[in-house]
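# Notes for the structure review
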Amino acid sequence: VLYGVIWIGLIATFTRAAIVVAGLQTVILFDTRRQVTGAALAASVAVGALVVGVLVFPSLATFVFETLTWQSGSSVSHLKDWTNGITAFLEQPWGYGLGTTDQTAVRAGLEPLTADNVYLKYAVELGLPGLVALLGTLACIGMAGFRAATRSIAAAARYMGVAVALIILGVLVNGMTSTMF
């Protein structure tokens, strides 16, 4: 029941990418704990909820289709922001400085150079060194989690390793459509 409440909260408050990532993390968590039936059940419940949602709210089908085919307003704005970010990064690969992207720039009265992508935020603000530092940090944390998940003797350490690895997976995927830091 508590897990269901958490999912309702996710669906009500987070982006589509965050919901997909959380679902993926759930299935992977069940799989790593050798609970294949739990993974199958979680996937079945998600598909069932989507089918029920489409039946109850017919406009949901259009929303899902537009999301998957990158035709929604959100998708179009992501593509525009990413194009601006890539262009800005290629024009000045050493960075424009802190506060030149996303809501930070807006609050300062500036036109943001990019938005909606943590990788482009680091690349545009801090340049190539900042992007490499971000990716290196996430890779090291993810590898440490994976190593703990696969090599630890204690079950608690393995579960913590799985949690860390799944969190990093979530950050890596969700970072493509948001700036969570």
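A brief report on the enclosed structure follows. Please read these numbers as outputs of a predicted model, since none were measured by experiment. Position numbers for residues start from 1 in each chain and track the written sequence from start to end. For this predicted model, a pLDDT threshold of at least 70 governs which residues receive local features, and a threshold of 80 or more governs which side-chain atom pairs are given and counted, while totals over whole chains, interfaces and linings are taken from all residues. Only hydrogens and water are removed before side-chain values are computed, so all heavy atoms of the structure are retained for them.

## Some words on the packing of helix H5 (residues 73–91) against helix H7 (residues 118–151)
Every axis corresponds to a line fitted to the C-alpha atoms, with the helix fit spanning only the stretch in contact, and the corresponding angles, defined between N-to-C directions, vary from 0 to 180 degrees. The way it works is that DSSP assigns letters per residue, a run of H or I at least four long becomes a helix, a run of E at least two long becomes a strand, and they are numbered from the N terminus. One way to put it is that H5 packs onto H7 with a least axis distance of 9 Å and a crossing angle of 15°. With respect to H7, the element H5 is oriented roughly parallel. For H5 against H7, the interelement crossing comes out left-handed. Note on element contacts: H7 touches H5 through Leu120, Ala123, Val124, Gly127 and Leu128, opposite Trp82, Gly85, Ile86, Ala88 and Phe89. In terms of residue class, the contact of H5 with H7 is made up of 8 nonpolar, 2 polar and no charged. Should an angle lie under 35 degrees it is considered roughly parallel, over 145 roughly antiparallel, and from 65 to 115 roughly perpendicular; all remaining angles are considered oblique. With the far helix as reference, a near helix turned anticlockwise by less than a right angle produces a left-handed crossing, and one turned clockwise produces a right-handed crossing. Note on contacts: a residue pair qualifies if any of its non-hydrogen atoms lie within 4.5 Å across the two residues. Residue polarity follows a fixed list, in which Ala, Val, Leu, Ile, Met, Phe, Trp, Tyr, Cys and Pro are nonpolar, Asp, Glu, Lys and Arg are charged, and the others, Gly among them, are polar.

## Details of the side chain of serine 75
Along the chain, serine 75 turns up in helix H5. Each residue touching serine 75, except ones within four places of it in the same chain, is listed here: Thr67 and Trp70.

## Remarks on a nonpolar patch on the surface
Where nonpolar side chains cluster on the molecular surface, the patch consists of Val47, Val51, Val52, Leu55, Val56 and Phe57 and spans about 610 Å² of accessible area. With respect to the element layout, phenylalanine 57 can be found in the loop between helix H3 (36–56) and helix H4 (59–68). To sort residues, take the accessible area from a 1.4 Å probe on protein chains only and compare it with the maximum for the residue type: under 20% means buried, over 50% means exposed, and anything in between is partly exposed. Looking at phenylalanine 57, the relative accessible area reads 54%, which means it is exposed. Patch criteria: residues need more than 30% relative accessible area and no salt bridge. Like-charged residues are merged within 9 Å; nonpolar side chains of Val, Leu, Ile, Met, Phe, Trp and Tyr are merged within 5 Å. Residue burial considers only the protein chains on display, and all accessible areas are found by Shrake-Rupley using a 1.4 Å probe. Counted as salt bridges are all cases of a side-chain nitrogen of Lys or Arg within 4 Å of a carboxyl oxygen of Asp or Glu.

## Observations concerning H7
Residue pairs three or four apart in sequence face the same way in an α-helix, which turns once every 3.6 residues. Taking 1.5 Å of rise per residue, the 34 residues of H7 would be expected to cover 50 Å, yet its terminal C-alpha atoms sit only 31 Å apart, more than 12% below that figure. Pairs of N or O atoms are called polar contacts if they sit within 3.5 Å, as long as, within protein, a hydrogen donor faces a hydrogen acceptor (for residues adjacent in sequence, only side-chain-to-side-chain pairs). The N-terminus of H7 is capped by asparagine 117, whose side-chain oxygen sits 2.9 Å from the backbone nitrogen of tyrosine 119. In this analysis, the expected span of each helix is defined as 1.5 Å times one less than the number of residues it contains.

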